[in-house]
Every structure is written in structure tokens, then in C-alpha cells.
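The primary structure of each chain is shown beneath.
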Amino acid sequence: MKKITVSTLLKMKAEQEKIAAITAYDASFAKLFDEQNIDVILIGDSLGMVLKGEEDTLGVSVDELAYHTKSVRNGAQRAFVIADMPFMSYASPEQSYQNAATLMRAGASMVKVEGGEWLLDTISGLVERSVPVCGHLGLTPQSVNVFGGFKVQGREQSQADALLESAIALEKAGIQLLVLECVPAALAKRVTQSVSIPVIGIGAGVDTDGQILVMHDMLGISANYMPKFSKDFLAQTGDIRQAVATYIEDVKARNFPTEAHWFN
Ligand code: KIV
């Protein structure tokens, strides 16, 4: 068993092998996903919605993220483990250093932050202090109140150009991975081809370097809402392990997502 690292993910992009990623919040699911050879596990602040039943991700704390990160780390042997930095936990660079340290000590191998140019100093500061960083652009759920809802981003040409510029600036600042959420498939393709780091999409078409889904959506058990970009693999297979294996196979073979799951 070879542990996945940032170098593995970079090599996968270079060799055009798709990266299969999923969220998890506890040791049992992390172990199950790991045993099916998932490449990346994210302890997402989506836990506010799928575990706590809240309307958005804003109520999640660093302590909650650290608790779930420790649980996932205890279950995952092979997968690359990323922890989300919750809302307002990286409002300043200094604050981000303390909170990233908590998440890294809990077992994360990378932290994820949402946003563009305003984060450049924070990202370079974290990287200088040996914290690997994943960016997140497009529909960044912590900004739901600014967007006026969970809406597709980057449909206007000016917005699309700005998003591409942000991706390039974030890469320059030091991110080693980028999540692109709910953007038109053509824009996601353009971004993926314009940066040298791996881009993981969710609701961003089939041409990103990999895909991520919230585990409850992938199993069709989310409490409130099933997004258009997700797919219930459990309904198709009737078995959790088989559902995960099929998700991974479909991502690798470019059979997921299909046009029904992306935006134009
Ligand atoms: O919080 C989360 O689960 C995420 C994914 C949707 C990428 O950020």
C-alpha cells in the first residue's frame, strides 16, 4: 500500500489519471473509502449541513473540524487527507497559522481555504510555515450570503476571466491543489489547462483532473437536498462498498460526471 501524497496527485495530473475524492467525517467511513482506494478524503465543513442539519456551513468551528479530522485520520491509511478551514478561521494570516496548526496536529496533510486574491498573503504565509494549502474557487459555500444563495458562479465572461486570474494567482502564492465548485464546464476546463496543479471539480464538468462529492450525496442520504451535480451511487448498486467502488471507477473512466450533472 503506497500512501497518496501531493507528489502522487501531481503525477496523476501529469499522467492524466483522474483523481477520485470524497468527503468523510468519521473513522469507519474513512476506512471503508480507503479500502476501496479513494485517492483523497476531505473533512469538509459541509459537516455543518450533512451531520448537523444546518442550512449552511457557517456554524462549523475549528474544534469540530479538528475532532472529525482526528477521526478520519484514524481510519485512513492510504488516502490523502485534507481538512477544511471553517468560516472566519483564516480571516487574517496570523489567525490562519494557529487554526491550520490545530488541523494539521489533528491529522490533516493539507488545509483548504475558500476565496481568491484576498488570500494570497495567508496562503504564502502558511506555505512558508510548512502547511500545504488547497484553494477553493467558484461557488465557495462560506460566501453563500454574499452570493444570495448556492448559485453557479462564472457564467458571465468577466466573472470567468476573474476566476481564471484568481486560480493562477493562488497557484503562484503556493497552493498545491484547487477545488472548483459549480462553475460552467468550459470554464473549469480552461482553468484546469491553465494551471500546473491538480484541479478537483464538483459540479464543474468532466475535464477537471478529478472529482469530489459529499459522501451523503453520493450515497443519496443527505437530509435536505440532492444537488443536480451529484449522483446516488447507492441506489444504483444497493451496497455501500460497491457504490464507492463504482463512483471511483466512473471518475477514473470519465463516466462521471455526465452532462446531466454539469452546468453550461
Ligand atoms: O465542505 C465540503 O464538503 C467541500 C466540498 C463540497 C468540496 O468543500
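Our subject is the structure that appears above.
Residues numbered from 1 in each chain as written. Predicted model: local features only at pLDDT ≥ 70, side-chain atom pairs only at ≥ 80, totals over all residues. Heavy atoms only, no water.

> What is the right way to look at the site of the ligand in this model?
What surrounds the ligand is the set T23, L42, G44, D45, S46, D84, K112, H136, V179, E181, I202 and V214. Residue D45 places a side-chain N or O atom 3.0 Å away from an oxygen atom belonging to the ligand. Between D84 and the ligand, the recorded distance is 3.0 Å, taken from a side-chain N or O atom to an oxygen atom. Within the complex, 96% of the 260 Å² of free accessible area of the ligand lies under protein. For the ligand, the cavity whose grid points lie within 2 Å of the majority of its atoms is the largest pocket. For the shell around the ligand, the per-class residue count stands at four nonpolar, four polar and four charged. (Near = heavy atom within 4 Å. Polar contact = N/O pair within 3.5 Å; in protein donor to acceptor, adjacent residues only side chain to side chain. Areas by Shrake-Rupley, 256 points an atom, 1.4 Å probe, with all protein chains shown as cover. 1 Å grid on protein atoms, 1.4 Å probe; cavity = no way out; pocket = protein on both sides within 12 Å on 5 of 7 lines; lining within 4 Å. Sits in = over half its atoms within 2 Å of the grid points. Nonpolar A, V, L, I, M, F, W, Y, C, P; charged D, E, K, R; others polar.)

> Any chance you could explain the layout of surface pockets here in plain terms?
Take a probe with the size of a water molecule and roll it over the atoms, and the empty space left behind shows itself. If you add up the space inside the largest pocket, you get close to 690 Å³. Around the largest pocket, the lining comprises 35 residues; the ones closest to its centre are M49, E181, D217, P227 and F229. Elements represented by at least two residues in the lining of the largest pocket include exactly α3 (47–50), β6 (177–181) and β8 (210–213). For the lining of the largest pocket, the residue count by class is 18 nonpolar, seven polar and ten charged. (Points joined across faces, edges and corners; volume = space filled by probe spheres on them. Helix = DSSP H or I, 4+ residues; strand = E, 2+ residues; numbered from the N terminus.)

> So what exactly am I meant to see when it comes to the environment of I248 here?
Of note, I248 is situated in helix α12 (residues 240–252). Taking the C-alpha atoms as reference points, I248 and I22, separated by 226 residues in sequence, lie 9.5 Å from one another.

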